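# Observations on the model geometry
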Amino acid sequence: MTVPLLALDGVRKSFAQRRGGAAVQAVAGVSLNLAAGETLGLVGETGCGKSTLARLALRLLEPSGGRILFDGQDITTAGPAALLAIRRRMQAVFQDPLASLNPRMRIADILAEPFRVHRTTPRGGAAARIAELLAFVGLEGIDTRRLPAQFSGGQLQRIAIARALALEPALIVADEPTSALDPSVQAQIVNLLLHVQRARGIAYLLISHDLEVVGHVADRIAVMYLGVIVELAPTGHLLREAWHPYAQALLSAAPTLAARRDRSWQRILLGGDLPNPADAPSGCRFHPRCPIAREACRREVPELRPVGSQGRYVACHLAPAETAVLGAAIGRGRRGGARMQAREGTT
Amino acid sequence: MILSVRDLRIRFGHAAAAPFAVDGLDFDVSAGEIFVIIGESGSGKSLTGLSVLGLLPQGAVASGSIRFDGQELLNQPEAVLRPLRGGRIGVVYQDPLSAMNPVWPVGEQIAEVLRAHGLAGRREAARRSVELLERVHIPDAPRIALAYPHEISGGMRQRAMIAMALACGPRMLIADEPTTALDVTIKAQILELLSELRRELALTVVLITHDMGVVAELADRILVMYAGKVAELGPAAQIMNRPSHPYTQALLFSATMSEAPAKADLPAIRGTAPPIEARPAGCRFHPRCPQAAADCREAAPNLRRLGDVLLACHYPLLNGDAARPGCAP
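These notes cover the structure that comes with them. Computed from a prediction, not measured in an experiment: that's the story for all the values here. (Residues numbered from 1 in each chain as written. Chains lettered and ligands numbered in written order. Predicted model: local features only at pLDDT ≥ 70, side-chain atom pairs only at ≥ 80, totals over all residues. Heavy atoms only, no water.)

### So, the nonpolar core
Note the threshold: Among buried residues, the Ala, Val, Leu, Ile, Met, Phe, Trp, Tyr and Cys ones that are joined through side-chain atoms within 4.5 Å form a nonpolar core. Burial status follows relative accessibility: with a 1.4 Å probe on protein chains alone, a residue under 20% of its type maximum counts as buried, one over 50% as exposed, and anything between as partly exposed. For the purposes of this entry, the term helix denotes a DSSP run of H or I that reaches at least four residues, the term strand denotes a run of E that reaches at least two, and both are numbered from the N terminus. Contacts are residue-level and defined by heavy atoms, with any inter-residue pair within 4.5 Å sufficient.
Ranked by size, the top nonpolar core spans 80 residues in total, and within it Val 137, Ile 159, Ile 161, Leu 165, Val 196, Val 223 and Tyr 246 of chain A carry the most contacts. Ranked by the residues each element gives to this core, the list is headed by helix H7 (residues 183-200) of chain A, at eight residues. Once you skip the residues sitting within four places of it in the chain, Val 223 of chain A turns out to touch Val 43, Val 228, Ile 229, Val 230, Glu 231, Leu 238, Tyr 246, Ala 247 and Leu 250 of chain A. Membership of the second largest hydrophobic core comes to 72 residues, among which are Ala 125, Ala 167, Ile 222 and Ile 269 of chain B.

Take a look at the structure:
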């Protein structure tokens, strides 16, 4: 087996609370591999730890436990010098481009900064390379003497992507790259991300709460709940037949437009809110909200375990034996057309 | 008609050259319907909602007419508007944390609405506030009533804000992006609640959003706004299934990415919605429109009827198929 581009191995991150409260375990033992050229989608709700995981992968944060390997090299505790070299190959695109681009820097300087920081001159010179990057992201001929505030959100996200591409990375961690954009602009940025990947073979770790975007772009999807991965599967499999009850609830909450249009599906409504991560439930972290939880779920932590031969993983004591049928019904229901009978009202 | 808007124009300042953020809007809302105004940033959708309640930001100048139950609301004195706000017209904002008073318990804020409208004394108002929290399915309402806004979750806060909007038994609810700040599973809960309230209380709901999913789910009729004007107005089922305006079709494509073949290019429209001060001549959508012709650049299309739909487009889509994004022009 080839070495994965990015490997997270039992990664943990806790944040101490002020006034000596219990530490919040934002990421509570996550193992994931990302192959070169692959797109791994990471979905989950506010507070599930997905953005913390992105920052750990980028080593913007130091993990409290576990290991992070980039291209086989252990970067778990790498210092600034080692990280500088790694970051040439690992870049980030964030949600709000206006916040992630320095408002006082001209676009030309923003795009030249990667070369300056890494003390390198691209072949043909920085100016030519910047013009080439801008053309590549569809911004040929813009006035690069202007400041970020003079561009639209969609243009700024293109500039952020151009900056991420400047040093020809192997991996881009994209944290909600389309969420702050108007709907008619989102499709443009999705197309650009796909175009970048086709042309340069870049791998993406794509973090988003938008199942439409992830469902279209990702090769595999990992579903995160309260600091752990509860399900990991090839995109088609997950959308058609999710096995973890939380993944099912997430999918059922966001049906496709077709299903919404004919108003044919019924949702699984989860009771309550995400528990406080500083006081995570015992056993399976999802058990207090799970419609099918048993006694064992309260006691024993389910491991993320491989099931079958199609690269699927699930962390549920009862899956897939007792969950697959409902998963398939939800998959059909949220695509529209068929009436979905299964419904668990727990509110 | 519970709400009638005629030739609504809103701009900032009186200067003759000041562009209209909302530029000649006409629509009617029927009692008991969910009427959705959909648009992107700069479309004027939120200003339209604010103008109904006389809550336009400082410096905004509005003309035209907004009649609620036959009564003119536009540019009326506070003495006329104040009893309506939170009275017969309830309001729900996007971000309850900034819309609520951070130093008052949730129940107290609901009780305040009842007292301010002279509907209850102190003790009665406190009792009613707990009932209202129960009405929006907040578990353990007596305890939540005593909590401060920051102490409860985003979903609970949005429910509490809806309870507040319901306090005086309104006939109409104006909700501006009520689910935008929420996670999908919580969003689902709030949408179910709005739908239930409409059904059980015969409420009229004016919902302002940029989320096609919300529209598909709840709307009876839709007003699609682009750059301050009506793009398309009509029954939700028709607009969602067979959009006539290329802009509506683009919005639908954006909301159906996962229905396209995996990793295939999406039929995206180019560019971005123009800022108020830089709107193009002719049809305001023409620089982004995949099928713009010469006259689209020159003449703004008038609103005209096409079946059940009112439409502003010189070349409407005849078979606008929203269900198959892969087959776009």
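On we go from here.
### Concerning the pattern of salt bridges
Test applied: Salt bridges are identified by distance alone: a Lys or Arg side-chain nitrogen within 4 Å of an Asp or Glu carboxyl oxygen.
Counted according to the given criterion, the structure contains 41 salt bridges over all chains. For Arg 6 of chain B, the salt bridge identified is with Asp 28 of chain B, shortest N-O distance 3.0 Å. Here the residue Arg 6 of chain B occupies a position in strand S1 (residues 3-12), and Asp 28 of chain B occupies one in strand S2 (residues 20-29), the gap between them amounting to 22 residues. When its relative accessible area of 36% is taken as the criterion, Arg 6 of chain B is described as partly exposed. Note on Asp 28 of chain B: relative accessible area 21%, which makes it partly exposed. When salt bridges with common partners are traced through the structure, they connect Glu 295, Arg 298, Arg 299 and Glu 300 of chain A into a single cluster.

### Some words on the packing of aromatic side chains
Both the distance between ring centres and the angle between the ring planes are used here to describe each pair of aromatic rings. All names here are of chain A. Rule in force here: Working definition: a ring pair exists when centres of Phe, Tyr or Trp rings (six-membered ring for Trp) sit within 6.5 Å. Plane angles under 30 degrees give stacked, over 60 give edge-to-face, the rest tilted. Criterion for a charge above a ring: Arg CZ or Lys NZ at most 6 Å from the ring centre, at most 35 degrees from the ring normal.
Inspection of the entire model under this criterion finds seven aromatic pairs over all chains. With 5.4 Å between their ring centres and 65 degrees between their planes, Tyr 246 and Phe 286 make a pair best called edge-to-face. Separated by 40 residues along the polypeptide, Tyr 246 in helix H10 (residues 245-253) and Phe 286 in the loop between helix H11 (257-262) and helix H12 (295-299) bring together distant segments of the chain. The class of Tyr 246 is buried, set by a relative accessible area of 1%. Taken together, the ring pairs in this structure connect Tyr 225, Tyr 246 and Phe 286 into an aromatic cluster. Above the plane of the ring of Phe 151 lies Arg 146, whose end atom (NZ or CZ) is 5.6 Å from the centre. In this structure, Arg 312 is placed above the aromatic ring of Trp 243, and the distance from its NZ or CZ to the ring centre is 3.6 Å.

### Looking at the environment of His 317 of chain A
Residues and elements named next belong to chain A. We apply this condition: Nitrogen and oxygen atoms within 3.5 Å of one another constitute a polar contact, given that in protein one can donate a hydrogen and the other can accept it, and given that sequence-neighbouring residues count only through two side-chain atoms.
Relative to the assigned elements, His 317 resides in the loop between strand S12 (312-314) and helix H13 (324-335). Residues His 317 and Arg 263, spaced 54 residues apart in sequence, show a C-alpha to C-alpha distance of 33 Å. Contact partners of His 317, with chain neighbours within four places excluded, come to Ala 296, Cys 297, Glu 300, Val 301 and Pro 302. Within the local environment of His 317, its side chain forms a polar contact with the backbone oxygen of Glu 300, the two atoms lying 2.7 Å apart.

### A few points about the pairing of strand S1 (residues 6-15) of chain A
Residues and elements named next belong to chain A. Note the following rule: Note on pairing: two strands pair once DSSP finds at least 2 bridges between them.
Relative to strand S4 (residues 65-70), S1 runs antiparallel, the two sharing five bridges. Paired with Ala 7 across the two strands is Leu 69, which belongs to S4. Strand direction decides the pairing type here: S1 and strand S2 (residues 24-34), joined by eight bridges, are antiparallel. Bridge pairing in S2 places Phe 15 opposite Val 24.

### Some remarks on the interface of chain A and chain B
Rule in force here: By buried area we mean how much accessible surface two parts lose on assembly, using a 1.4 Å probe and totalling the loss over both.
Opposite the 43 residues of chain A that make contact, chain B presents 48 residues. In this assembly, chain A packs against chain B so that about 3800 Å² is buried in total across both faces, 50% of it on carbon and sulfur atoms. Counting the surface chain A buries against chain B, the share from its top three residues, His 216, Leu 257 and Arg 261 of chain A, is 19%. Between chain A and chain B we count three salt bridges in total. A salt bridge links Arg 260 of chain A to Glu 217 of chain B, with the nearest nitrogen and oxygen atoms 3.0 Å apart. Our count for the contact surface shared by chain A and chain B stands at 21 residue pairs in polar contact (both at pLDDT 80 or more). Broken down by secondary-structure element, the contributors of at least two residues to the side of chain A that touches chain B are H7, helix H8 (211-217), H10 and H11 of chain A.

### Focus: helix H11 (residues 246-254) of chain B
Residue pairs three or four apart in sequence face the same way in an α-helix, which turns once every 3.6 residues. Counting buried residues along H11 of chain B, nine of its nine residues qualify, which places the element largely inside the surrounding structure. All of the buried residues in H11 of chain B are Pro 246, Tyr 247, Thr 248, Gln 249, Ala 250, Leu 251, Leu 252, Phe 253 and Ser 254 of chain B.

### Quick notes on the sheet that holds strand S8 (residues 204-209) of chain B
The strands making up a sheet associate through backbone hydrogen bonding, with each pair oriented either parallel or antiparallel. All names here are of chain B. The cut-off we apply is this: Axis angles are defined between N-to-C directions and span 0 to 180 degrees, where every axis is a line fitted to C-alpha atoms and, for a helix, only to the segment in contact.
With respect to topology, eight strands assemble into an open sheet ordered S6-S7-S8-S3-S9-S10-S12-S11, the strand pairing being mixed. On the outer flanks of this sheet lie strand S6 (89-92) and strand S11 (304-306), each paired with one strand and no other. On average, each strand axis in the sheet is inclined to that of its neighbour by 20 degrees, with strand direction left out of account. Relative to strand S10 (residues 229-235), strand S9 (residues 221-226) runs antiparallel, the two sharing six bridges.

Note that all results are geometric; they support no functional claim without further evidence.
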